[in-house]
Amino acid sequence: MEKIKFIKRDELKTKPKDSELVFGTQFTDHMFVMDYDRNRGWYDPRIVPYGPIEMSPSSMVFHYGQAIFEGLKAYRNSKGDIVTFRAMDNFKRLNRSAERICMPKVDTNSVWEALNTLLDIERDWVPSSKDTSLYIRPFMIATDPFLGVRPSDTYKFFIILSPVGPYYPEGLDPVKIYVEDTYVRAQKGGTGEAKVAGNYAASLLAAEKAKARGYSQVLWLDAAEHTFVEEVGAMNIFFKIDGKLITAPLDGSILPGITRDSVIKLAKHMGCVVEERDLKIEEVFAANEDGSLEEVFGSGTAAVISPVGVLEWKDKKIEINNGEIGEFTSMMYDTLTGIQYGTREDVFGWVHKV
Ligand code: PLP
Ligand code: COI
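For clarity, every value in this text was computed on a predicted model and none was experimentally measured. (Residues numbered from 1 in each chain as written. Chains lettered and ligands numbered in written order. Predicted model: local features only at pLDDT ≥ 70, side-chain atom pairs only at ≥ 80, totals over all residues. Heavy atoms only, no water.)

Some words on the domain arrangement of the protein
Then, number 1: Domain boundaries assigned for the protein yield domain 1 (5-164) and domain 2 (175-345).
Then, number 2: In this structure, domain 1 and domain 2 have C-alpha centres spaced 27 Å apart.
Then, number 3: Taken together, the 27 residues of domain 1 in the interface contact 25 residues of domain 2.
Then, number 4: Together domain 1 and domain 2 conceal approximately 2,100 Å² of surface at their shared face, both sides included; 57% is due to carbon and sulfur atoms.
Then, number 5: Between Arg86 and Asp261 there is a salt bridge whose closest N-O contact spans 2.8 Å.
Then, number 6: Where domain 1 packs against domain 2, one counts 16 residue pairs in polar contact (both at pLDDT 80 or more). (Domains from an automatic or database assignment. Contact = heavy atoms within 4.5 Å. Buried area = accessible area lost by both parts, 1.4 Å probe. Salt bridge = Lys/Arg side-chain N within 4 Å of Asp/Glu carboxyl O. Polar contact = N/O pair within 3.5 Å; in protein donor to acceptor, adjacent residues only side chain to side chain.)

Here we look at the side chain of Thr335
Then, number 1: Relative to the helices and strands, Thr335 resides in helix α7 (residues 327-340).
Then, number 2: Among the residues examined, Thr335 registers a relative accessible area of 9% and is labelled buried.
Then, number 3: Within the structure, Thr335 has its side chain in polar contact with the side chain of Arg344 (distance 3.4 Å).
Then, number 4: With residues near it in sequence (within four places) discarded, Thr335 still touches Leu266, Met270 and Arg344. (Helix = DSSP H or I, 4+ residues; strand = E, 2+ residues; numbered from the N terminus. Buried < 20%, exposed > 50% of the residue type's maximum accessible area, 1.4 Å probe, protein only.)

Looking at the site of ligand 1
Then, number 1: Every one of the 16 residues lining ligand 1 counts as a neighbour, but Tyr200, Glu231, Ile258, Thr259 and Thr301 are closest to it.
Then, number 2: Contact between ligand 1 and Arg93: an oxygen atom at 2.8 Å from a side-chain N or O atom of the residue.
Then, number 3: Take Tyr200: an N or O atom from its side chain is 2.5 Å from an oxygen atom of ligand 1.
Then, number 4: Considering ligand 1 on its own, with 380 Å² of exposed area, one finds that the protein chains cover 96% of that surface. (Near = heavy atom within 4 Å. Areas by Shrake-Rupley, 256 points an atom, 1.4 Å probe, with all protein chains shown as cover.)

Concerning the nonpolar core
Then, number 1: Core analysis: the largest hydrophobic core is formed by 43 residues, its most contacted members being Phe32, Phe157 and Ile159.
Then, number 2: For this core, the elements supplying multiple residues, two or more each, are β2 (30-37), β3 (41-49), β4 (67-69), β5 (72-76), α2 (87-100), α3 (108-121), β7 (133-142) and β8 (154-164).
Then, number 3: It is β8 that contributes the most residues to this core, six residues altogether.
Then, number 4: Not counting residues up to four positions away in its chain, the partners in contact with Phe157 are Phe32, Val33, Met34, Trp42, Leu94, Val106, Val111, Pro138, Phe139 and Met140.
Then, number 5: Core analysis: the second largest hydrophobic core is formed by 26 residues, Val179, Ile246, Ala303 and Ile318 among them. (Core = buried A, V, L, I, M, F, W, Y, C linked by side-chain atoms within 4.5 Å.)

A word on α7
Then, number 1: The terminal C-alpha atoms of α7, which comprises 14 residues, lie 20 Å apart, in line with the 20 Å expected from a rise of 1.5 Å per residue.
Then, number 2: Counting buried positions along α7 yields 10 of 14 residues, so the element is predominantly enclosed.
Then, number 3: Taken as a whole, α7 has its buried residues at Phe328, Thr329, Met332, Tyr333, Thr335, Leu336, Thr337, Gly338, Ile339 and Gln340.
Then, number 4: Downstream of α7 by a residue or two, Gly342 has a phi angle that is positive, lying close to 80 degrees. (Expected span 1.5 Å × (residues − 1).)

Structure follows, in structure tokens:
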């Protein structure tokens, strides 16, 4: 890749207090940008002041939705170092998403270098209080000014940064989840396993309806039969039933979460039996009935490990673990965040210092 240009912002912004941080409302001083053209490949990598960009109203992203993104975090660890968690896995997933909707791949090593350069410039923006971090949002959009339907020939790739607190206002308190059995988010063969912006647009109506009923997010069921559990709006989901940890398999319609993969590897490392298999929502409710449903939690970069306290499906409402965070969920939260914040051994080599 060409050398990254750096245009410094004249006057730096005032940084928010850690105690005021919520999710995704504040942005740092600078962002990374580069352009793509079918003939030239990626060019003009630059770090510039964060701010509005000018685009043609006919840019293809506005019409046919060629847009993909990633989400990862940088943490200030117990030694004061800035670290990232499994960033290369996010860039590999970005490339799989790109392939799915005919966008160009990035060179993962170059983007890794770009991220580390940007984080080094913005290091003072990484908050240090418990449960805070710097959320990293890489994304790519189609920019050809053209109204015909085909893949664009030009694209822009960005990395923006946002200091964040917990994703859910509940923090680590259990969230209430509504099991959606009318709308679907994705089906096998569709774009569900890619991090495509349109998947999120497809999820909004059901999520709004659930919110109006007092729920934080919806749990999606499979599109064909509305029978098997898939994932939640912004996280994968795990059920602890009779001592075993069960989660949906990666078979096309759910996002292969990096936190999901971390939970599976950590759980197996601890000797826990993990099953990636089709799980009927009926089985979850039956397990609650017979007392074998122990815990339910979601996993995601933004959501971290998020206990689920209530599930409602077809007017049946169940409370899990008396609406309290379970022992396993709590232990997984401590283990994962311990690795990220440097208080636990990083046995799998997931953490990299900036
Ligand atoms: N599922 C969906 C739909 C998501 O948006 C996310 C968040 O990225 C996840 C799952 C969790 O993925 P990860 O653990 O890689 O953040
Ligand atoms: C993440 O966890 O990084 C996500 O992308 C979820 C989100 C859509 C906020």
